[in-house]
Amino acid sequence: MKYGRGAIPMGQAISKKYTKPVSLKQVQITDQFWNYYIDLVRDVVVPYQWDAINDRIEGAERSGAVSNFKIAAGLEKGDFYGYVFQDTDVAKWLEAVAYLLVTKRDEALEQVADEMIAIIGKAQEPSGYLNTYFTIKEPGKKWTNLTECHELYSAGHMIEAGVAYYKATGKRNLLDIVCRIADDIAVVFGDGPEQIAGYDGHQEIELALVKLYETTGNRKYLDISRYFIDKRGQQPNFLEAEADARGRTTHWSNNIIDIEPEYYQAHVPVREQQAAVGHAVRVVYMLAGMADVARETGDESLIEACRRLWDNIASKQMYITGGIGSMANGEAFSFDYDLPNDTVYSETCASIGLIFFAHRMLQLEPDSRYADVMERALYNTVLAGMSRDGRHFFYVNPLEVTPDVCDGRNKNYNHVKPVRQEWFGCACCPPNIARLLASLGEYVYSTSGDTIYAHLYIGGEAELSLNGTKIKLEQHSTLPWEGAARFELTLEQPAAFALALRIPDWASQASVLINGEVYSFADTIVNGYARIDRVWTSGDLVELVLEMPILRVRSHPLVKQNAGKVALQRGPLVYCVEEADNGAELQQLLLPQDAELQASFEHNLIGGIQVIKAEGLKLSFEQWGNQLYRTNAEAGLESASLSFIPYYAWANRGKGEMAVWVKERI
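This report concerns the structure included in the present document.

Adjacent strands of a sheet form backbone hydrogen bonds with each other and so pair up, either parallel or antiparallel. On the basis of which strands lie adjacent, the open sheet formed by six strands has the order β1-β6-β7-β11-β15-β14 and mixed pairing. Of all the strands in the sheet, the pair left with one neighbour each is β1 (20–21) and β14 (525–526). Pairing analysis gives four bridges linking strand β7 (residues 451–454) to strand β11 (residues 495–502), with the strands arranged parallel. Of the residues in β11, the one forming a bridge with I452 is L499.

If you want it as structure tokens, here you go:
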């Protein structure tokens, strides 16, 4: 098999040293805020999703995911049901289970997972191929429509599950299955005369194969990943050629397919792409895979491409909530500074993919700008994607909602839902939330040489080894409500190393105390991290205090939709107004620039939240009459008490209006 350009031979060392995440096995989260959601995933979400993919939830859309595997395995009779990528619901469920088993063994849950894995093994074909849609429905069309049919995407999610389950349990059953999947892919794809010189329409396999390489040490898997990355966007365009070869038929209808290479990020080679375009989830999954390959191979051209596309997303195409993908058509990026609030797509999976990308960029170069975005997406869009009961979910995450507009009369808003749904026919988001929250411990710390980086302020214990010294790091955090984090160190013996604390972009001031004494770190900040380099002894205590003022946030002037508007943020949390607190017609509210903003904690509201209150204004049109337009009308202003809640908490009190951006009055 021939691989992509510049593949590094086995055994060749990569000179640059990157940071390594502290693994989930080494971190135990004990944070009051986050433990609620992790326990929710364990006790409610994963069992609920198991029922959903087994079609046991009355009133929810049918899944068919588990029954498809049983049919493919010969254990049941029937037809394939669902989307061509339905297998991924099972894969992501298994991956979430694996992460839960790392932090707390559960024999009953493990047995359910083992039984599902046994079914998957029986559904796998002798060649190693695994895809229930093509096994059941169209066995003669395997690998003929990579553009639309997600075969490598589905394989990637199963590979991720296999790696996670092996790491959690030490059992090779699913790992062996996914190795056979990858081995089959290595036979099918390449530049040889009998191979397919192409790639999948939906990226995912790239990052999955790197995980498999890291787990097995088999260099072949890394090289295949790099092959797919190198091939994308090369000319002649593979997706166009593939469409021609099958007569331009499309999986989704009886029409003739029209390939838009930008949608698939296949318009130019990945190293030449200047801006994020096309389907948002595909973009960030691709970038995560590119960063992985760059880390493992030392490919500076890939690293530079990752930086360039990161900058475009974070500085020109990202919502204040960490959402990405402004356009419903194609679930896609549109163009720089086009960030509508009411028709936005902002798929939950896209923000999760952005977190994956940010996490990998932190491994390439510890820079707080990546962790700031990771935190923003996590606390806002990802949490907003799931209700407090763990049984309802958002696929789309708007920043402005009027329920009457979303009732189907205006088709431009068909994708926007004013309340979370029980399940989806295309249910990629709920299991994605579950696997991210179940693995949250992996995102808190990383190490490089003699440095421990603290990226997220989430309470818990971490046990790690640095230059042969075992270190226990116990963090106590008051985020997101207050800005304090305390670190207690336990060491076998005194050791010299650095603890690098991220100074978030939302903190107006920061101070550090070591064993009660002020530590001046002004001259030690490197890429947004306060680096504390000293000889540490057991019992040392580090306290980080971050000022958390209520921030008035305004958009770049080129974001036309937010002209004359302001949003509120406190700490990592973005706030919104909701009809339940402020009444209907939220577009009539105004927040004066000199209005005093007061934060107070309300224990009995939506599980306990910090609320921001202000005395504002409301436009009054009581004397308007029935005329649509008037030349002699003046809107009156009346005082109004405004109440803002964290964006993640909206739509937990029934259907109503919501807005993040509010008109501002000078």
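Next comes the rest of the write-up.
Time to look at the packing of aromatic side chains. According to the stated counting rule, one finds 30 aromatic pairs in the structure shown. Ring plane angle 85° and centroid distance 6.5 Å describe the contact between F85 and Y153, whose orientation is recorded as edge-to-face. Taken together, the residues F85 in the loop between α2 (65–72) and α3 (87–103) and Y153 in helix α7 (residues 151–169) connect sequence positions 68 residues apart. A residue is classified by how much of its surface remains accessible, and Y153, at 6% relative accessible area, is buried. Geometry around Y81 places R62 over its ring, the cationic atom sitting 3.9 Å from the centre. Above the plane of the ring of Y129 lies K142, whose end atom (NZ or CZ) is 4.8 Å from the centre.

Strand order in the open sheet formed by seven strands is β2-β8-β9-β10-β16-β12-β13, with antiparallel pairing between adjacent strands. Each of the sheet's edge strands pairs with one partner strand only, and the pair in question is β2 (27–29) and β13 (517–519). Neighbouring strand axes in the sheet, compared pairwise and without regard to direction, differ in orientation by 25° on average. In the sheet, strand β9 (residues 469–477) pairs with strand β10 (residues 484–491) via seven bridges, with the strands oriented antiparallel. Bridge pairing links Q475 to F487 in β10.

All right, on to unusual backbone geometry then. At the junction of Q235 and P236, the peptide bond is cis and its omega measures out at 0° in the coordinates. Here the bond from L479 into P480 is cis, since omega is 5°, no more than 30 degrees from zero. Position of P480 among the secondary structure elements: in the loop between β9 and β10. The backbone phi angle of S346 is positive, close to 45°, even though this residue is not glycine.

Bridge count for strand β12 (residues 510–514) against strand β16 (residues 541–546) is five bridges, and the pairing is antiparallel. Bridge assignment links L513 to a residue of β16, and that residue is E543. Sheet topology places β12 next to β13; three bridges connect them, and they run antiparallel. Each residue of the ladder has a partner; that of L513, found in β13, is V518. Linking β12 back to β13 in an antiparallel pair, the connection comprises two residues, with N515 at a positive phi of about 50°.

This next bit is on the packing of α7 against helix α8 (residues 173–188). Across the interface, α7 lies against α8 with an axial gap of 8 Å and an inter-helix angle of 145°. The hand of the α7/α8 crossing is left-handed. Residue-level inspection shows L152, A155, M158, I159, A161, G162, V163, Y165 and Y166 of α7 in contact with α8, the latter providing N173, L174, L175, V178, I181, A182 and I185. Among the residues making up the contact of α7 with α8, the classes are represented as 14 nonpolar, two polar and no charged.

About the cut-offs
Going along each chain's sequence as written, the residues are numbered from 1 onward. Only residues with pLDDT of at least 70 are given local features in this predicted model, and only at 80 or more are side-chain atom pairs given and counted; all residues enter the totals for whole chains, interfaces and linings. Think of the side-chain values as coming from all heavy atoms in the structure, minus any hydrogens and water. Two strands make a pair as long as DSSP finds a minimum of two bridges between them. Only runs of H or I of at least four residues qualify as helices and only runs of E of at least two qualify as strands under DSSP, and these elements are numbered from the N terminus. Here a pair means two rings of Phe, Tyr or Trp (six-membered ring of Trp) with centres within 6.5 Å. Their orientation is stacked below 30 degrees between planes, edge-to-face above 60, and tilted elsewhere. Three exposure classes are used, based on accessible area relative to the maximum for each residue type with a 1.4 Å probe and protein chains only: buried under 20%, partly exposed in between, and exposed over 50%. By definition here, charges over rings are those cases where NZ of Lys or CZ of Arg is within 6 Å of the ring centre and within 35 degrees of the ring normal. Helix axes are fitted to C-alpha atoms over the stretch in contact, other axes to C-alpha atoms as well, and angles between N-to-C directions run from 0 to 180 degrees. The hand of a helix crossing depends on one turn: near helix anticlockwise from the far one by less than a right angle means left-handed, and clockwise means right-handed. Whether two residues are in contact is decided by their heavy atoms, any of which lying within 4.5 Å being enough. Polar here means any residue other than Ala, Val, Leu, Ile, Met, Phe, Trp, Tyr, Cys and Pro, which are nonpolar, and Asp, Glu, Lys and Arg, which are charged; Gly is therefore polar.

Just geometry here; none of it tells us what the structure is for.
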